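# Per-entry structural report
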Amino acid sequence: MFAGRPRPGEAVIRLVLRLAAGVAIVTTIGILIALLIPAIGFFREVPVVDFLFGDRWAPRFADASFGVIPLVTATAWTTAIALLVAVPLGLGAAILLSEYARPGLRKVLKPILEVLAGVPTVVYGFFALQFIQATVFREWLQLDTGAFSVLAAGLVMGIMIIPTIASISEDAMSAVPMSLRQGSAALGANRMQTSLRVVFPAALSGVMAAVVLGISRAVGETMIVAIAAGNQARIVTGPLEQGQTMTGFIASAALGDSRVGSLEYDTLYAVGLLLFAITLLVNFISIRLVRRFRQAY
């Protein structure tokens, strides 16, 4: 008879949760408005088609050009390289922690892995520039590259993303009921077969959410690419080339001498709006995929 009676404090907790959700929504709307208003002024002078499909980015030159393709290609290269590093290593670490590590070892390994997520990105940036690019690529491997490259930035960015993918994927795999593992073992499957053919598919929605979060972090990362990828805006055709990403341009141009309200200054908001749209599209696709593959236990 007490099932329908609210407990003390539930109304307060419910109110706090609603306020938290409301703050998140209002913040997102505020970010969109802050980007949209200056971007509209930018697109009144620069056609959207020229911005999206132009192959020359030189907003500060006398013969200014506002084609964002060079920034997009550099962003795509660094993101792709980061995912090639982070996804296999992150999922491998998740399987190790979830299926192979003993509880005592897991309590030690997981915090150590998550420490990587707490390292400041500027430290990662200098590590990519001074060690990966200068020492490993140029001195040890003798690669034909300059002082910067999207490969160095992408590799280190992938290392930074590993804890995110590994931690969320491990949580999803640990949530899979033990009965599925026991049933697989009863049918004669070994631990590897159980991990890859039973546990991993059952946790696929959580794994996909982890990968998408890693993509969002890679696309939006600033300091690593600003330090290690270079600041020359050109179409990147290979991993050993330098290039300026969208976030790298925003970081460098925001500290420049462009007059507030000028067309050069408004390019910050146009690029930021495109970055926001890309991230929103990635998250929208991820929500659809997670809902499609989600399994409840």
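Calculation rules
Residues numbered from 1 in each chain as written. Predicted model: local features only at pLDDT ≥ 70, side-chain atom pairs only at ≥ 80, totals over all residues. Heavy atoms only, no water. Helix = DSSP H or I, 4+ residues; strand = E, 2+ residues; numbered from the N terminus. Buried < 20%, exposed > 50% of the residue type's maximum accessible area, 1.4 Å probe, protein only. Contact = heavy atoms within 4.5 Å. Areas by Shrake-Rupley, 256 points an atom, 1.4 Å probe, with all protein chains shown as cover. Lys, Arg positive; Asp, Glu negative; His and termini not counted. Charge placed at Lys NZ, Arg CZ, Asp CG, Glu CD. Patch = residues over 30% accessible without salt bridge, like charges linked within 9 Å, V, L, I, M, F, W, Y side chains within 5 Å. Salt bridge = Lys/Arg side-chain N within 4 Å of Asp/Glu carboxyl O. Phe/Tyr/Trp six-rings, centres within 6.5 Å; stacked < 30°, edge-to-face > 60°. Core = buried A, V, L, I, M, F, W, Y, C linked by side-chain atoms within 4.5 Å. Expected span 1.5 Å × (residues − 1). Bend = angle between axes of the 7 residues up to and from the residue. Axes fitted to C-alpha atoms, helices over the stretch in contact; angles between N-to-C directions. Parallel < 35°, antiparallel > 145°, perpendicular 65-115°, else oblique. Left-handed = near helix turned anticlockwise from the far one by under 90°. Nonpolar A, V, L, I, M, F, W, Y, C, P; charged D, E, K, R; others polar.

### Some words on the overall build of the protein
Each helix and strand in the protein was counted, giving 12 helices and two strands. Taken from the N to the C terminus, the helices and strands of the protein come in the order α-α-β-β-α-α-α-α-α-α-α-α-α-α. A total of 297 residues make up the protein; the buried ones form 40% of that total. Summarising the internal contacts of the protein: among those between residues at least 6 apart in sequence, 71% fall at separations of at least 24. Total accessible area on the protein is roughly 16500 Å²; 67% of this is exposed by carbon and sulfur atoms. The averaged location of the 16 negative side-chain charges in the protein is 18 Å from the averaged location of its 22 positive side-chain charges.

### Brief notes about a nonpolar patch on the surface
Taken together, Leu116, Phe127, Phe131, Trp140, Leu141 and Ile159 make up a surface patch of nonpolar side chains, about 550 Å² in accessible area. In terms of residue count, helix H5 (residues 121-140) provides more of the nonpolar patch than any other element does, three residues in total. Inspection of the secondary structure puts Ile159 in helix H6 (residues 150-174).

### Quick word on the packing of aromatic side chains
Following the criterion strictly, the structure yields 10 aromatic pairs and no others. With a centroid separation of 5.2 Å and 75 degrees between ring planes, the pair formed by Phe42 and Phe43 is classed as edge-to-face. The class for Phe42 is buried, based on a relative accessible area of 0%. The exposure class assigned to Phe43 is partly exposed, which follows from its relative accessible area of 23%. For the ring pair Phe42 and Phe51, a centre distance of 5.6 Å and an interplane angle of 75 degrees mean the geometry is edge-to-face. Its relative accessible area of 1% is what places Phe51 among the buried residues. Every member of this aromatic cluster is reached through a ring pair, and the members are Phe42, Phe43, Phe51, Trp57, Phe66 and Phe249.

### Concerning the nonpolar core
The biggest cluster of nonpolar side chains holds 60 residues, and the ones touching the most others in it are Phe51, Trp57, Met157, Ile161 and Val271. Going through the elements one at a time, helix H3 (69-100), H5, H6, helix H8 (191-202), helix H9 (204-220), helix H10 (223-228), helix H11 (246-254) and helix H12 (263-293) are the ones with two or more residues in this core. At 13 residues, H6 tops the list of elements feeding residues into this core. If near-sequence neighbours (up to four positions away) are discounted, Met157 is found in contact with Thr78, Thr79, Ala82, Ala218, Glu221, Ile224 and Val225.

### Topic: H6
For H6, built from 25 residues, the straight-helix expectation of 36 Å at 1.5 Å per residue is met to within 8% by its first-to-last C-alpha distance of 35 Å. At Ile161, H6 shows its largest kink, close to 35 degrees, and the proline Pro163 lies no more than four residues downstream. Among the 25 residues that make up H6, 20 are buried, leaving the element largely enclosed by the rest of the structure.

### Quick notes on unusual backbone geometry
A positive phi is found at Gln142, a non-glycine position, where the angle reads about 55 degrees. Counting through the fold element by element, Gln142 comes out in the loop between H5 and H6.

### So, the pattern of salt bridges
Where charged atoms of side chains with opposite charge meet at close range, the side chains can pair. Summed over all chains, the structure comprises five salt bridges. Residue Asp63 is joined to Arg56 by a salt bridge in which the shortest nitrogen-to-oxygen separation is 3.4 Å. The residue Asp171 makes a salt bridge to Lys110 at a minimum N-O spacing of 2.9 Å. Of this pair, Asp171 sits in helix H6 while Lys110 sits in helix H4 (residues 103-115); the two residues are 61 residues apart in sequence, bridging distant segments of the chain. Classification of Asp171 by relative accessible area gives partly exposed; the value is 41%. According to the relative accessible area criterion, Lys110 is buried, its value standing at 13%. Here the salt bridges do not stand alone but share partners, grouping Arg106, Lys110, Glu170 and Asp171 into one network.

### A few points about the packing of helix H7 (residues 178-186) against H8
Helix-helix packing is described using two parameters, namely the angle between the two axes and the distance between the axes. Two numbers describe how H7 lies on H8: the axes approach to 10 Å, and their chain directions differ by 150 degrees. Relative to H8, the element H7 is oriented roughly antiparallel. Note on packing geometry: the crossing formed by H7 with H8 is right-handed. Between H7, through Leu180, Arg181, Ser184 and Ala185, and H8, the contact on the second element is made entirely by Thr194, Val198, Val199 and Ala202. Its residues assigned to classes, the contact of H7 with H8 comprises five nonpolar, two polar and one charged.

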